[in-house]
Amino acid sequence: MLVSPGFDLGLMAVLGLLVGSFLNVVIHRLPLMLEAQWKSDCAELCGQPETEPTEAFNLSVPRSRCPHCGHAIVWHENIPVLSYLLLRGKCSACAKPIALRYPAVELVCGLLFLYCGAQWGFTPTGLAWSGFCACLLALALIDWDTTLLPDDITLPLLWAGLLAALLQWTPVALPAAVWGVIAGYASLWLVNAGFKLLKGERHPTHPVWDLAWWLHRHATGKDGMGFGDFKLFAALGAWFGWQGLVPIILMASVLGAVTGIAMKFSSGLREGGYVPFGPFLSGAGVTAMVVGPAAMLRAVGL
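The structure displayed is predicted, hence computed values, not measured ones.

Considerations on helix 3 (residues 101-120)
Then, in step 1: With 20 residues, helix 3 extends 28 Å from end C-alpha to end C-alpha; this agrees with the ideal 28 Å at 1.5 Å per step.
Then, in step 2: Within helix 3 the residues assigned to the buried category are Pro103, Val105, Glu106, Cys109, Gly110, Leu112, Phe113, Cys116 and Gly117.
Then, in step 3: Buried residues along helix 3 sit against helix 1 (5-45), helix 2 (82-86), helix 4 (124-146) and helix 10 (278-291).
Then, in step 4: Looking at the residues trailing helix 3, positive phi occurs at Gly121, about 75°.

In structure tokens form, the structure reads like this:
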């Protein structure tokens with residue numbers, strides 16, 4: 001039951017801060033959990049004995065600890081944003097600095113939930129778009145850190161978009177959402193296949209192909225995309241329909257190319273010289289939620 005708009009906004013903001021605190025755990029632990037699972041699967045396929053983990057490791061256990069001294073974080077040191085300020089950004093045990101990204105993730109998630117609350121209230125629609133934002137925030141940072149876009153997040157995001165369309169929590173009709181999934185996955189798959197062909201045989205007499213190749217290669221440092229990008233773009237198609245895919249991919253590509261080239265010239269590229277594409281897809285997805293895909297096209301004169 002709605003009490004007042006102000007109460008709803010406050011509730012959404014607090015919920016966002018709490019979800020943001022949980023996202024910090026997901027961003028750090030989920031790639032490690034996947035790596036452990038892959039190692040276990042490889043050992044099983046090779047007929048090697050599995051090494052038993054020394055302790056359970058998942059999203060709930062063990063308790064969060066200081067990476068410097070191993071101090072177990074107690075409840076009053078784990079209050080989103082507030083604990084960071086009270087601790088002055090330092091561990092209470094060893095006084096080593098706490099990474100600024102932890103409160104930043106909590107604050108960004110809180111602001112995104114606050115925006116969704118302001119737009120749609122504490123309603124199924126508002127909660128659905130809040131979950132959409134939380135997933136994209138987690139995916140962007142996981143991909144930036146590890147170049148992984150876990151199926152554990154992309155696939156639920158995809159199905160949630162279809163469910164939201166079915167229940168009319170988004171303005172996208174279910175057929176458009178289904179075609180968005182198909183078009184999103186197929187389009188990036190075709191682009192990736194095309195770049196692989198270009199890698200083997202380029203055509204210098206076609207300047208458009210040369211420009212596309214140069215931008216892609218210098219922006220990402222790689223000769224293609226991962227399948228996680230396909231699934232994430234398909235998930236965005238579920239939330240915005242096939243009509244929203246063009247402005248999203250245009251914005252993501254421009255942001256990715258500009259960022260990659262800037263990092264290359266500033267020697268900021270990591271080892272291997274690549275820039276993951278997921279953060280830019282995620283940023284374009286959030287932008288599409290805020291301003292709408294049509295407004296994104298008008299901004300570039302289309």
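Notes on the nonpolar core
Then, in step 1: Among the nonpolar cores identified, the biggest contains 57 residues, and Phe132, Phe240 and Leu281 are the most heavily contacted of them.
Then, in step 2: When residues of this core are traced back to their parent elements, those giving at least two are helix 1, helix 3, helix 4, helix 5 (151-166), helix 6 (174-200), helix 8 (227-240), helix 9 (245-265) and helix 10.
Then, in step 3: Here this core gets 11 residues from one element, more than from any other, and that element is helix 4.
Then, in step 4: Once you skip the residues sitting within four places of it in the chain, Leu281 turns out to touch Asp229, Leu232, Phe233, Leu236, Ile248, Ile249 and Ala252.

A short note on the pattern of salt bridges
Then, in step 1: For the structure on display, the rule yields 3 salt bridges.
Then, in step 2: Glu35 serves as the salt-bridge partner of Lys39, at 3.4 Å between the closest nitrogen and oxygen. Here the residue Lys39 and the residue Glu35 both occupy positions in helix 1, the gap between them amounting to 4 residues, near one helical turn.
Then, in step 3: With relative accessibility at 55%, the residue Lys39 sits in the exposed group.
Then, in step 4: The residue Arg101 makes a salt bridge to Asp145 at a minimum N-O spacing of 2.6 Å. A residue pair is termed long-range when its members are at least 10 positions apart, and Arg101 in helix 3 and Asp145 in helix 4 qualify at 44 residues.
Then, in step 5: A relative accessible area of 34% places Arg101 in the partly exposed class.
Then, in step 6: For Asp145, a relative accessible area of 38% corresponds to the partly exposed category.

About the criteria used
- Residue indices begin from 1 for each chain and proceed along its sequence in written order.
- Since the coordinates come from a predicted model, pLDDT governs what is reported: local features require at least 70, and pairs of side-chain atoms require 80 or more to be given and counted, while whole-chain, interface and lining totals use all residues.
- Side-chain numbers come from the whole structure's heavy atoms, not from hydrogens or water.
- Only runs of H or I of at least four residues qualify as helices and only runs of E of at least two qualify as strands under DSSP, and these elements are numbered from the N terminus.
- Helix span is expected to be 1.5 Å times the residue number reduced by one.
- Burial classes follow relative accessibility: with a 1.4 Å probe on protein chains only, a residue under 20% of its type's maximum area counts as buried, one over 50% as exposed, and anything between as partly exposed.
- The criterion used for residue contact is that any of the two residues' heavy atoms lie within 4.5 Å.
- Take the buried Ala, Val, Leu, Ile, Met, Phe, Trp, Tyr and Cys residues and link them wherever side-chain atoms come within 4.5 Å; each set so joined is a nonpolar core.
- One speaks of a salt bridge when a side-chain nitrogen belonging to Lys or Arg is within 4 Å of a carboxyl oxygen belonging to Asp or Glu.

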